[in-house]
Amino acid sequence: MSPAPHAEPPVLDLAAVGIGPFNLSLTALADEVDDLAYAAYDRRPAYDWHPGLMFDWAKLQVGFLADLVSLVRPTSRWSFLNYLAEHDRMYPFYIAERFHVPRREYADYCAWAAARLPGAHFGTDVTAVHWDADRALWRLTLTPTAGTDGAAATDTYARNIALGVGTEPHLPTALAVPAARTPDRVFHSGEHLHRVDSLREQGVRDITVVGSGQSGAEVFLDLLRRQRDAGWSLTWLTRSWGFAPLDYSKLVLEYTTPAYMRYFNGLAPGVRDRLVASQWQLYKGIDTETIDLIHAELYDHMLDGDRPPVTLLPGTALLGARSADDGTVRLTTSHAETGTERELATGAVIASTGYTARRPDCLEPVDKLIAWDDQGRYDIDAGHRVRTVPEVTGGLFVQNAELHTHGAAAPDLGIGAYRGATVLNTVTGRQVFRTPERTAFQTFG
């Protein structure tokens, strides 16, 4: 008796590549669409969100309503409030009156959803994407990465793709060579909690933090709190004019709403780039509570009188770096206002220099089918769809890769559910989710 023919998997209406917070939001919303063939893939064995910066005391910078679903579908079983109810924490949360929840609680909430959503497939890497012109479908090559030694890659087909591969740590060119020579002494802040204990074990006596965003502030605060036991001196430098706060004023926050996002997308590319550069305090500053905690710690440092020195250097740019024979890293810096250059010797450098969008390797086979702007970035329409050559009829959507086309809302968790609902409405060809119409009091444009 001959074996039964191998059945091909059904064609997906939407395949999501990467499962970070935004594609997880998409997956949670897709779970409520009964007639949608959907799957999301991630190479990691399970959901994990910035573990190298998961401080016990850190809080989410947006309110808990910026969860996976609530700003579009508050009645969803994947809401943060339902997570609290299932963990019997509703009354403690109610009494605590926490609008900004601990970051580790939000991460646990996302992991809770990711482990239960049937559309989320971990341990599966999308290694290549092709456009099948004959079938007018995307072909995704899926390669198992966990618990399946020797398992062969398989192909699946999808009418649409949503890229949610996130961003990657950015290390300044000046630090690349020292990091390559001494990776245990020069590393990105995203690795902080994985590396900080080893700095003490190596007997590092002084540490320099480069960069003044939220992660830089949290790393500096953590090092400051460890200082008495570790005995290291600290330097914190930033090229910005100061260690400035995020702008959380209410009317400014409207610049992270769908209303402003639509307006921003309609502007000329050069205007958009200028606005992104000028609006950095919407997404690159430090929350005021962290600044207050740092100042309080510095005041205690002053009162103690016997702790190693701490130096804060605003307006100071990093020009270069080299590894010295004595094991230190020599940083060449320049002051923005005086032009003075100096060399700083330090035992370790933690680069809190942000994250950059990356072009997934899996897109290489279709690189020439995608419309790129003059800086090599996706050309993205108002509905978060990447423009492609006309013969590609399948949708290619992106999540958190459109700062240059949609403004400061792109990386904001508060836009996740709205963007996911917009994509799903487009993919299904109908209004599966009612998206809010009034999101700002201001009229932009």
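Presented here is an overview of the structure given in this document. Fair warning: this is a prediction, and the values are worked out from it, not measured in the lab.

Examining the pairing of strand S15 (residues 341–346)
Line of reasoning, step 1. As paired elements, strand S14 (residues 329–335) and S15 share 6 bridges and run antiparallel to each other. Following the sheet pairing, Leu331 is matched in S15 by Leu344.
Line of reasoning, step 2. Hairpin remark: S14 followed by S15, antiparallel, with 5 residues in the connecting loop; positive phi at Gly339, about 75 degrees.

Some thoughts on the packing of aromatic side chains
Line of reasoning, step 1. All told, the structure shown has 24 aromatic pairs when counted by the stated rule.
Line of reasoning, step 2. Residues Tyr263 and Phe444 carry aromatic rings whose centres are separated by 6.1 Å and whose planes lie at 25 degrees to one another, so their mutual orientation is stacked. Of this pair, Tyr263 sits in helix H9 (residues 258–265) while Phe444 is found in the segment after helix H13 (416–428), placing the two residues 181 residues apart along the sequence.
Line of reasoning, step 3. Residue Phe444 is classed as buried on the basis of its relative accessible area of 16%.

A short note on a nonpolar patch on the surface
Line of reasoning, step 1. On the surface, a cluster of nonpolar side chains totalling about 580 Å² of accessible area is made up of Leu81, Met90, Tyr91, Tyr94 and Ile95.
Line of reasoning, step 2. Here the nonpolar patch takes 4 residues from helix H3 (residues 90–96), the largest share from any one element.
Line of reasoning, step 3. Counting through the fold element by element, Leu81 comes out in helix H2 (residues 80–86).

Section: the pairing of strand S7 (residues 160–163)
Line of reasoning, step 1. Burial along S7 is two-sided: the residues Asn160 and Ala162 and Ile161 and Leu163 are all buried.
Line of reasoning, step 2. Bridge count between strand S1 (residues 14–17) and S7: 3 bridges; the pairing is parallel. Directly across from Ala16, in S7, lies its bridge partner Ala162.
Line of reasoning, step 3. Pairing analysis gives 4 bridges linking S7 to strand S18 (residues 395–398), with the strands arranged parallel. Each residue of the ladder has a partner; that of Ile161, found in S18, is Leu396.

Remarks on the packing of helix H7 (residues 214–230) against helix H11 (residues 288–304)
Line of reasoning, step 1. Two elements in contact, H7 and H11, have axes separated by 10 Å at closest approach and are oriented at 25 degrees. Overall, the two elements H7 and H11 adopt an arrangement that is roughly parallel. In this structure, H7 meets H11 at a crossing whose hand is left-handed. Counting all contacts with H7, which are made through Gln214, Ala217, Glu218, Phe220, Leu221, Leu224, Arg225, Gln227 and Arg228, the residues of H11 involved are Thr290, Leu293, Ile294, Glu297, Leu298, His301 and Asp304.
Line of reasoning, step 2. Classifying every residue of the contact of H7 with H11 gives 7 nonpolar, 4 polar and 5 charged.

Quick look at the nonpolar core
Most often, soluble globular proteins have nonpolar side chains that are buried together.
Line of reasoning, step 1. Counting residues in each nonpolar core, the largest one holds 52 residues, and the members touching the most others are Leu68 and Tyr106.
Line of reasoning, step 2. For this core, the elements supplying multiple residues, two or more each, are S1, helix H1 (21–30), strand S2 (38–42), H2, helix H4 (103–116), strand S3 (120–122) and H13.
Line of reasoning, step 3. Among the elements that make up this core, the one with the highest residue count is H4 (7 residues).
Line of reasoning, step 4. Sequence-distant contacts of Leu68, defined by excluding residues within four places in its chain, comprise Pro21, Leu24, Ser25, Ala28, Leu29, Trp78, Tyr106, Tyr109, Cys110, Ala113 and Ala417.
Line of reasoning, step 5. Formed by 25 residues, the second largest nonpolar core is a distinct cluster that contains Ala39, Val126, Ala158 and Val398.

A few points about the sheet that holds strand S6 (residues 154–158)
Hydrogen bonds along the backbone pair up the strands of a sheet, which may run parallel or antiparallel.
Line of reasoning, step 1. Strand order across the open sheet formed by 3 strands is S4-S5-S6, with antiparallel pairing between neighbours. What marks the edges here is a single partner per strand, and that holds for strand S4 (124–132) and S6. Averaged over all pairs of adjacent strands, the angle between strand axes in this sheet comes to 30 degrees, irrespective of strand direction.
Line of reasoning, step 2. Where S4 lies against strand S5 (residues 137–144), 8 bridges are found, and the strand directions are antiparallel. By the bridge assignment, Ala128 is partnered in S5 with Thr141.

Describing the pattern of salt bridges
Line of reasoning, step 1. As enumerated under the stated definition, the model contains 25 salt bridges in all.
Line of reasoning, step 2. Close ionic contact of Asp31 with Arg77 constitutes a salt bridge, the shortest N to O distance being 3.0 Å. Taken together, the residues span a long stretch of sequence, with Asp31 in the loop between H1 and S2 and Arg77 in the loop between S2 and H2 at a distance of 46 residues.
Line of reasoning, step 3. You can call Arg77 partly exposed: its relative accessible area is 48%.
Line of reasoning, step 4. For Arg307, the salt bridge goes to Asp304, with nearest N and O atoms at 2.9 Å.
Line of reasoning, step 5. What makes Arg307 buried here is its relative accessible area of 12%.
Line of reasoning, step 6. Of the residues examined, Asp304 reaches a relative accessible area of 32% and is grouped as partly exposed.
Line of reasoning, step 7. Salt bridges here are not isolated pairs; linked through shared partners, they connect Arg228, Glu297, Asp304, Asp306 and Arg307.

Each value, and the rule that gives it
Residues numbered from 1 in each chain as written. Predicted model: local features only at pLDDT ≥ 70, side-chain atom pairs only at ≥ 80, totals over all residues. Heavy atoms only, no water. Pairing = 2+ DSSP bridges. Helix = DSSP H or I, 4+ residues; strand = E, 2+ residues; numbered from the N terminus. Phe/Tyr/Trp six-rings, centres within 6.5 Å; stacked < 30°, edge-to-face > 60°. Buried < 20%, exposed > 50% of the residue type's maximum accessible area, 1.4 Å probe, protein only. Patch = residues over 30% accessible without salt bridge, like charges linked within 9 Å, V, L, I, M, F, W, Y side chains within 5 Å. Areas by Shrake-Rupley, 256 points an atom, 1.4 Å probe, with all protein chains shown as cover. Salt bridge = Lys/Arg side-chain N within 4 Å of Asp/Glu carboxyl O. Axes fitted to C-alpha atoms, helices over the stretch in contact; angles between N-to-C directions. Parallel < 35°, antiparallel > 145°, perpendicular 65-115°, else oblique. Left-handed = near helix turned anticlockwise from the far one by under 90°. Contact = heavy atoms within 4.5 Å. Nonpolar A, V, L, I, M, F, W, Y, C, P; charged D, E, K, R; others polar. Core = buried A, V, L, I, M, F, W, Y, C linked by side-chain atoms within 4.5 Å.

Taken by themselves, the reported measurements are silent on function.
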